[in-house]
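# Observations on chain architecture
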Amino acid sequence: MQGGQMFVEEPLRLSSVLTSSKLSLIPSLTKIVGTLGPKSRSIGIIEACLNAGMSVARFDFSAFDGDYHQETIENLKIAVKNTKKLCAVMLDTVGPEVQVNNRSGKPIELKADDRLTITSDVGIEPSADVLAVNYNRLAQIVKKGDTIFLGQYLFTGSETTSVWLEVLETRGEDVICLVKNTATLVGFIVTVYVPQVHIDLPTLTDYDKEVISSWGSHNNIDFVALSFTRHVKDVQELRAFLIGQNLHETQIFAKIETVEGFKHFDEILQEADGIILSRGNLGIDLPPEKVFLFQKSALHKCNMVGKPAILTRVVDSMTENLRPTRAEATDVANAVLDGSDGILLGAETLRGLYPVEAIKTVGRICAEAESVYNQPLHFKKALKFLGEPMSHAESVASSAVRAAIKVKAAVIVVFTSSGLAVRLIAKYRPTMPVLAVVIPRLRTNSLRWTFTSSSKATSGESSEESGLKLACRHGKSLGILKPNDQVVVFQKIGDSSVVKMVEFEG
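Since the model is a prediction, treat every value here as computed from it, not as a measurement. (Residues numbered from 1 in each chain as written. Predicted model: local features only at pLDDT ≥ 70, side-chain atom pairs only at ≥ 80, totals over all residues. Heavy atoms only, no water.)

### A look at helix α17 (residues 464-478)
- Taking 1.5 Å of rise per residue, 15 residues should cover 21 Å, and α17 covers 21 Å from first to last C-alpha, within 8% of that figure.
- Along α17, the positions that sit buried rather than exposed are Ser 466, Gly 467, Leu 468, Ala 471, Cys 472, Gly 475 and Leu 478.
- Downstream of α17 by one or two residues, Gly 479 has phi in the positive range, about 85°. (Helix = DSSP H or I, 4+ residues; strand = E, 2+ residues; numbered from the N terminus. Expected span 1.5 Å × (residues − 1). Buried < 20%, exposed > 50% of the residue type's maximum accessible area, 1.4 Å probe, protein only.)

Take a look at the structure:
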């Protein structure tokens, strides 16, 4: 497979299959995002999720309100303290999503070949005959023959909780549909999706702004996942809003889940801090046979510019089963080999029966894929993409990764104040963990002194020696660093970047 991403000698590949997997306190270098909800919000379960490998907790505001999520995040804080494991917080916006509000929560059974009316009269109680949506222009944007999808988790592969409808006609604000498959709609919120039809609602809604300004600001969130990102101006608007809320360090992950977002992907990538390939809606908006092409292309582009990419909808069957299907396990591994930096688990941890097992399983698959990932090929592609002359920072960062691989270093320790240096190192996909020592910068406006990046700082110590000792102790506690191991250190001194190698004495 010369032209493929993975080029491994056959004996080594066979050996990798037959030998036992290495045990580690770090399940994988690929980050795992877990969505916290009904089955995963207790302190005990969150602790288990953190120990299993979850490094980002996602809070989905399309399903629950701020009070509910506040209770959950308070439990997360306790779990982080108890386990001594860091966990970032991601707020996922609702965006221009059309929904049915099933206030009673009673299951709605729909049968194939029945008629169903979708109306904008939200005062009507949802039933098998009529469903009310929170968007009064649906009848104006659909036409006879169009397809409408309904479901809390649209078409996960088991169609028992999702239904697709064929539009027969429109009458005023009502849409008369033919039910095409038998299914039961469950939950308090049912998503309504019309493929490749523009919903003229703002990407960042008033509700999203309220959530960010209250819940987000109060909890000093690390990431915002911007649902249904369609244009670069969507990211720019959110950036300006975050700055206005004093969330200067909060990063934006643009969720690409429509053809409209796909068409503007390059511009969105330039502005966003990271990308989430939301394959649930994307797999409906695009023909199924086209999704993999977009996935590979998008991941490659993210890798080349050094921005993290996260993939969704990988082990849907683990919502109700203890093991993923063989195809799902292969899909996770191929995502890593394609260059995915993270895997996002939604229903699997939100309402799934086995949230901890889902995280463990995905972590093990990612670790196996990482062990055969063709890092030299990626390294060459990244350098070729940059071209010459390289910037000083890129040159030193790539040299640090090359040196770490040559001496078989156990870890790379990076001193940083903004996180940029760490992301630059990670861009070259080193085969060993990268430990960041965040040094707050002291600034003054002549009236008072302030620390920047203090929310991310691991210690009040700022000297190189104490910071390196701190990183090495942490690496030893994780089981990734032992006496006589080589450690590569990357840091900026003034306008220069320096790389050096030290031996860990234990």
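### Here we look at the packing of aromatic side chains
- The full count for this structure, using the stated rule, is seven aromatic pairs.
- For the pair Phe 59 and Trp 215, a centre-to-centre distance of 5.1 Å together with 50° between the ring planes defines the contact as tilted. Residue Phe 59 is located in strand β2 (residues 54-60), and its partner Trp 215 is located in helix α5 (residues 206-218); the two are separated by 156 residues in the primary sequence. In terms of burial, Phe 59 and Trp 215 fall into one category: buried.
- Ring centres of Phe 262 and Phe 294 lie 4.9 Å apart, and the angle between their planes is 90°; this geometry places the pair in the edge-to-face category. Of the two residues, Phe 262 sits in helix α7 (residues 259-263) while Phe 294 sits in helix α10 (residues 288-305), which places them 32 residues apart along the sequence.
- Relative accessible area serves as the criterion here: at 5%, Phe 294 is assigned to the buried category. (Phe/Tyr/Trp six-rings, centres within 6.5 Å; stacked < 30°, edge-to-face > 60°.)

### As for the sheet that holds strand β4 (residues 98-101)
- The strand order across the open sheet built from seven strands is β4-β12-β8-β9-β10-β6-β7, with neighbouring strands paired in mixed fashion. Because the sheet does not close on itself, it has two edges, and the strands there are β4 and β7 (130-132). Strand-to-strand, the axes of this sheet are offset by a mean angle of 30°, without reference to chain direction. (Pairing = 2+ DSSP bridges. Axes fitted to C-alpha atoms, helices over the stretch in contact; angles between N-to-C directions.)

### Section: unusual backbone geometry
- For the bond from Glu 388 to Pro 389, the omega torsion is 0°, close enough to zero to count as cis.
- Assignment of secondary structure puts Pro 389 in the loop between α14 (375-386) and α15 (392-406).
- The backbone of Arg 429 shows a phi angle near 50°, a positive value even though the residue is not glycine.
- The topology assignment puts Arg 429 in the loop between α16 (420-426) and β19 (434-438).

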